[in-house]
Amino acid sequence: MSRKAYIDNIDVNLAIDEYFKKLEINPKEELIKVKDSLNRVTSRAVYAKLSSPSYNSAAMDGIAVISDYTTGATESEPKTLKLNEDFIYINTGNPVKEPFDAVIMIEDCIIKDEDTIEILSPAYPYQHIRQIGEDIVATEMILPSRHKIRPVDIGALISGGIDEISVYEKPKVALIPTGSEIVENVEEVVEGKIIDSNSYVFENLVLELGGIPNKGSIAVDEYETIKAMVLEAVEKNDIVLVNAGSSAGTMDYTVDVIDEIGEVVVHGVAMKPGKPTILGIVKGKPIIGIPGYPVSSYLVFDVFVKPVILKFLGLEDDKDEIAKATLTKRVVSSLKNEEIIRVTLGFVDDKLIATPLQSGAGVIMSLVKADGLCKIPRNVEGYDVSDTVDVKLLRPLNQIKESLVSIGSHDICMDIVADMMKLKSTHVGSMGGILSLRRRECHLAPIHLLDADTGEYNISYVRKYFNGEKMALIKGLNRIQGFIVEKGNPLNIQSVNDLVREDVVFANRQRGSGTRVLLDYELAKNDVNPEKIKGYQREFSTHMAVAAAVKNKSANVGLGVYSASKALDLDFYPLKPEEYDFLTYAKNLELDRIKEFIEILKSEEFKNRVDALGGYGFENTGEIIIIE
Ligand SMILES: Nc1nc2c(c(=O)[nH]1)N[C@H]1C(S)=C(S)[C@@H](COP(=O)(O)OP(=O)(O)OC[C@H]3O[C@@H](n4cnc5c(N)ncnc54)[C@H](O)[C@@H]3O)O[C@H]1N2
Ligand code: MOO
């Protein structure tokens, strides 16, 4: 086992330039049936063989006439036409043959008898006739080269008499998952084993782009095994992707294998996630080492693999669609790397708002939830709250405009709302929500803030932070806060006094969250010194994260809602009921999205679904309190 620590830090664009300079990609052509050509890319311009229509045809149901004979017809002096002399009956699409040169619609004909028709106005030459080549003239270009074929294109090609066309061959892309810890089936997932999810992301990305994915079996971390698989893949494919083992660990062999059998053009790019990317060439074919973490692997595919596949298809990479957005959270970045953060987007007061999602390279859910990607360039330390940033859109803006934006305290019921309407919900705690609402970055803020002096929930905070504004507090749920504990409550935790015990490790919520306010209130009331609580400094941002910490035994108690403990099959010792409400500006009550939200809160379906979680009451749910 040798260990090298050599990874470069090359600028992303420079790495792409260097790589493409060395890569010689000569797309291959093939002849295919037009009927099978959807989404293929033309390798040559296509010219019509036939005109369409190929004969003069009636455009309407009615009669074919000789236009000359109809001249002079008026309402006061109708013209009489005789069957087979002056007219014949004709239907849409029928050929119109000499001597006839115009069509009159049947509803403009006064039918005297089967053989005699009167008309009240003349027909001009070629009236209601689709002339030869009206649509397509033989020899005219139907499609240029490098055009991705759509359903309408297939229609035009077939009309133009084309049966087969030249397209670029689909590049065959080998996918080699590596790692002795990687397993194929969910039944094999035990500690230390990770299911191969990346291969299926790659497989579908390749399909979406128009390539042919060839997934191989999982390669164990062994130099010779990986080498043999790469060599075989290079023979049978146009592009080879090796997933994981791209870094500098003792078991990371990809770079050495490429170095032995080909050339490593780049190892290490100034991009995070995605740093240990390998851009190599073996036998003239591109081979890319993709870092193992799911987010890294998706982004490296997008930045480096996609342009290579497109090149095989004769296509250029699309220009990103970029929009300006206002950040709702601070993001920090290292100066060394370009950093790509995933954001959700929403429209509030006609402003596009971007909220950063979790940053970890292993968090694939950040990509599932993302509406956009925001790049923090090299040599920039990060961005502050309210900064304007460029966001690459992953969803169209008109879809983003439909969502209600909620920022504030977390409750599992928000997932239920999100399943019933278009909702973007971010969890930053009650105070974080109040501050976001003040900056007008969200439509509503879920809050549950206890006033230590009065014992009342929420209202005094609204008065304090929105002094002079007309606000609306939409009453939400009554929910029980209590201790989330291991099954059977083995440590018998029943009050905040138990939290300072030697054998107790606590999972805390972040400052500014309503649950934290409640905890600190209860600690003060009971004269408990927070510094004596093990785990008080470790903060989690949702009830579920607290419950997960108890479940995986990194803590043995946390404060949270009953539903979170039930969801993870833990036990619960109730402490206090509280009011979880939704704050918004009173003027927002006019918004359709807010109206829909209130309707949902009041609906039977919502109540039933929340009730099933357990630990909730619905005393005033959906009622509105105006606070001025
Ligand atoms: N000393 C250093 N350590 C690391 C560095 C570094 O520069 N110096 N880079 C870190 C970064 S950044 C990344 S990214 C990872 C890249 O690691 P590898 O490409 O070598 O991948 P592995 O270590 O084998 O796996 C990482 C991680 O990825 C997940 N994984 C792997 N394969 C799959 C798959 N097929 N499906 C789903 N998930 C997969 C898995 O969670 C692995 O734990 O290295 C850092 N270390
Ligand atoms: O650069 Mo690695 O790809 O962040 O996680």
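Residues numbered from 1 in each chain as written. Chains lettered and ligands numbered in written order. Predicted model: local features only at pLDDT ≥ 70, side-chain atom pairs only at ≥ 80, totals over all residues.

## Here we look at the overall build of the protein
Formally: In DSSP terms, a helix is any run of H or I states spanning at least four residues, a strand is any run of E spanning at least two, and both are numbered starting from the N terminus. Between the two quantities, the radius of gyration covers C-alpha atoms and the globule rule is 2.2 Å times the number of residues to the power 0.38. Residue pairs qualify as contacts under a 7 Å threshold applied to their C-beta atoms, which are placed from the backbone.
Counting its regular elements, the protein contains 17 helices and 38 strands. In terms of overall size, the protein is more extended than a compact globule, its C-alpha atoms giving a radius of gyration of 34 Å where 628 residues would be expected to give roughly 25 Å. The principal-axis extents of the C-alpha atoms in the protein amount to approximately 110 × 75 × 45 Å. Across the protein, the fraction of contacts at a sequence separation of at least 24, relative to all contacts at a separation of at least 6, is 75%.

## Describing the domain arrangement of the protein
Definition in use: Domain boundaries shown here were taken from an automatic or database domain assignment.
Here the protein is described as being made up of domain 1 (12–26 + 170–312), domain 2 (29–53 + 134–168), domain 3 (57–130), domain 4 (322–400) and domain 5 (423–627). The centre of domain 1, based on its C-alpha atoms, is set 35 Å off from the matching centre of domain 2.

## A closer look at the sheet that holds strand 20 (residues 278–282)
Rule in force here: Following DSSP output, two strands are said to pair if at least two bridges run between them. Throughout, an axis means a line fitted to C-alpha atoms (over the contacting stretch in the case of helices), and angles, computed between N-to-C directions, take values from 0 to 180 degrees.
Read from one edge to the other, the open sheet built from 6 strands follows the order 16-13-17-21-20-18, with strand pairing classed as mixed. At either end of the open sheet lies a strand with only one pairing partner, and these are strand 16 (212–215) and strand 18 (263–267). Between one strand and the next, the sheet's axes are offset by a mean angle of 20 degrees, whatever the strand orientation. As paired elements, strand 13 (residues 172–177) and strand 17 (residues 239–243) share 5 bridges and run parallel to each other. Directly across from Ala174, in strand 17, lies its bridge partner Val240. Set on the sheet, helix 1 (residues 12–22) makes contact with strand 18 and strand 20; between it and strand 18 the angle comes to about 165 degrees.

## Side note on unusual backbone geometry
As a reminder, the rule being used: Each residue is classified by how many other C-beta atoms fall within 10 Å of its C-beta atom, where C-beta atoms are placed from the backbone; a count of 20 or more means buried, 12 or fewer means exposed, and values in between mean partly exposed.
Between Ser52 and Pro53 the backbone carries a cis peptide bond, its omega angle lying at -10 degrees. In this structure, Pro99 follows Glu98 across a cis peptide bond, with omega equal to 5 degrees. Residue position: Pro99 is located in the loop between strand 6 (87–90) and strand 7 (102–105). In this model, Arg146 sits at a positive phi of 60 degrees, which is unusual for a non-glycine residue. Tracing the backbone shows Arg146 in the loop between strand 11 (141–143) and helix 3 (151–159). Judged by the 16 C-beta atoms lying within 10 Å of it, Arg146 falls in the partly exposed class. Although it is not a glycine, Asn492 sits at a positive phi angle of roughly 50 degrees. Take Asn492: it is sitting in the loop between strand 32 (471–485) and strand 33 (506–509). Judged by the 10 C-beta atoms lying within 10 Å of it, Asn492 falls in the exposed class.

## Examining the packing of helix 10 (residues 413–420) against helix 17 (residues 604–613)
Which entries qualify depends on this criterion: Should the near helix be turned counterclockwise from the far one by less than a right angle, the crossing is left-handed, whereas a clockwise turn marks it as right-handed. Each residue receives one of three labels: charged for Asp, Glu, Lys and Arg, nonpolar for Ala, Val, Leu, Ile, Met, Phe, Trp, Tyr, Cys and Pro, and polar for the others, Gly being one of them.
Where helix 10 meets helix 17, the axes come as close as 10 Å, and the angle between the chain directions of the two elements is 145 degrees. Note that helix 10 runs across helix 17; the crossing there is right-handed. Every residue of helix 17 that contacts helix 10 at Cys413, Ile416 and Met420 is listed here: Phe606, Arg609 and Val610. Tallied by class, residues from the contact of helix 10 with helix 17 come to 5 nonpolar, no polar and 1 charged.

## Some words on helix 14 (residues 543–551)
In terms of residue burial, helix 14 counts as a mostly covered element, since 7 of its 9 residues are buried. The elements touched by buried residues of helix 14 are strand 32, strand 33, strand 34 (539–540), strand 35 (557–561) and helix 15 (562–567). Backbone geometry just after helix 14 places Lys553 at a positive phi near 65 degrees.

## Remarks on the sheet that holds strand 8 (residues 109–113)
The strands making up a sheet associate through backbone hydrogen bonding, with each pair oriented either parallel or antiparallel. Reading across the sheet, the 3 strands line up as 5-9-8 and stay open at both edges, with antiparallel pairing between neighbours. At either margin of the open sheet sits one strand with a lone partner, and together these are strand 5 (79–82) and strand 8. When strand polarity is set aside, the average angle formed by the axes of neighbouring strands in this sheet is 30 degrees.

## Looking at the site of ligand 2
Here is the rule we go by: In this analysis, residues qualify as near a molecule or strand once their C-beta atom, positioned from backbone atoms, comes within 6 Å of it.
As a matter of local geometry, ligand 2 sits amid Lys272, Pro273, Gly274, Lys275, Pro291, Tyr293, Ser296 and Ala361. Classifying every residue of the shell around ligand 2 by side-chain character gives 4 nonpolar, 2 polar and 2 charged.

## Overview of the UniProt feature "domain: MoaB/Mog" (unreviewed entry) in the protein
The cut-off we apply is this: UniProt positions are given in the numbering used here, feature names are shortened, and annotations may be inferred rather than shown by experiment.
The positions that UniProt labels "domain: MoaB/Mog" (unreviewed entry) are, in the present scheme, residues 174–311. Annotated as 38% helix and 25% strand, the span residues 174–311 places its first and last C-alpha atoms 16 Å apart.

## Some details on the pairing of strand 22 (residues 322–327)
One ladder, built from 5 bridges, connects strand 22 with strand 28 (residues 388–393); its direction is antiparallel. By the bridge assignment for strand 28, Lys324 is matched with Asp390. Where strand 22 and strand 25 (residues 351–356) come together, 2 bridges link them in parallel fashion. Bridging from a neighbouring strand, Leu327 pairs with Ala354 of strand 25.

## What about the environment of Asn26?
The topology assignment puts Asn26 in the loop between helix 1 and strand 1 (29–33). Judged by local crowding, Asn26 falls into the exposed class, with 7 C-beta atoms found within 10 Å. Along the sequence, Asn26 and Leu313 sit 287 residues apart, while their C-alpha atoms lie 9.6 Å from each other.

## Describing the site of ligand 1
Of all residues adjacent to ligand 1, which total 27 residues, the nearest are Asn198, Ala244, Ser247, Pro291 and Gly292. If you list the elements that add at least two residues to the shell around ligand 1, you get helix 4 (198–209) and helix 7 (294–312).

## Considering the nonpolar core
Put simply, the rule reads: Think of a nonpolar core as buried Ala, Val, Leu, Ile, Met, Phe, Trp, Tyr and Cys residues chained together by C-beta atoms that fall within 7 Å.
Formed by 142 residues in total, the largest nonpolar core has its most connected members in Ile176, Val230, Val240, Leu241, Ile309, Ile484 and Val550. The element contributing the most residues to this core is helix 7, with 12 residues. Not counting the four nearest positions on each side in its chain, Leu241 is found in contact with Val173, Ala174, Leu175, Ile176, Phe202, Ile288, Ile290 and Val305. The next biggest cluster of nonpolar side chains, apart from the first, holds 17 residues, and it includes Ile63, Leu81, Phe87 and Ala123.

## So, the confidence of the model for the protein
Condition: What pLDDT conveys is the predictor's confidence in a given residue, as a value from 0 to 100.
Overall, the prediction assigns the protein a mean pLDDT of 94, with 99% of residues at 70 or greater. As scored by the predictor, the complex reaches a pTM of 0.87 and an ipTM of 0.97.

## A few points about the packing of helix 4 against helix 7
A pair of packed helices is characterised by two quantities: the angle between their axes and the separation of those axes. Keep this limit in mind: When an angle is under 35 degrees it counts as roughly parallel; over 145 it counts as roughly antiparallel; between 65 and 115 it counts as roughly perpendicular; any other value is oblique.
In the contact formed by helix 4 and helix 7, the axes pass within 11 Å of each other and the chain directions differ by 30 degrees. If you check the angle between helix 4 and helix 7, you find them roughly parallel. In this structure, helix 4 meets helix 7 at a crossing whose hand is right-handed. Taken together, the residues of helix 7 that come into contact with helix 4 (itself represented by Asn198, Val201, Phe202, Leu205, Val206 and Leu209) are Pro294, Ser297, Tyr298, Phe301, Lys306, Ile309 and Leu310. The residue makeup of the contact of helix 4 with helix 7, split by class, is 10 nonpolar, 2 polar and 1 charged.

## Regarding helix 10
Put simply, the test is: To be clear, the arc concerns the directions from the helix axis to the C-beta atoms.
Along helix 10, the residues that are buried comprise Cys413, Met414 and Val417. Buried residues of helix 10, viewed axially, fall in a sector of 100 degrees; they line one side. The secondary structure elements touched by the buried residues of helix 10 are strand 29 (404–408), strand 30 (423–427), strand 31 (445–447), strand 32, helix 16 (592–602) and helix 17.

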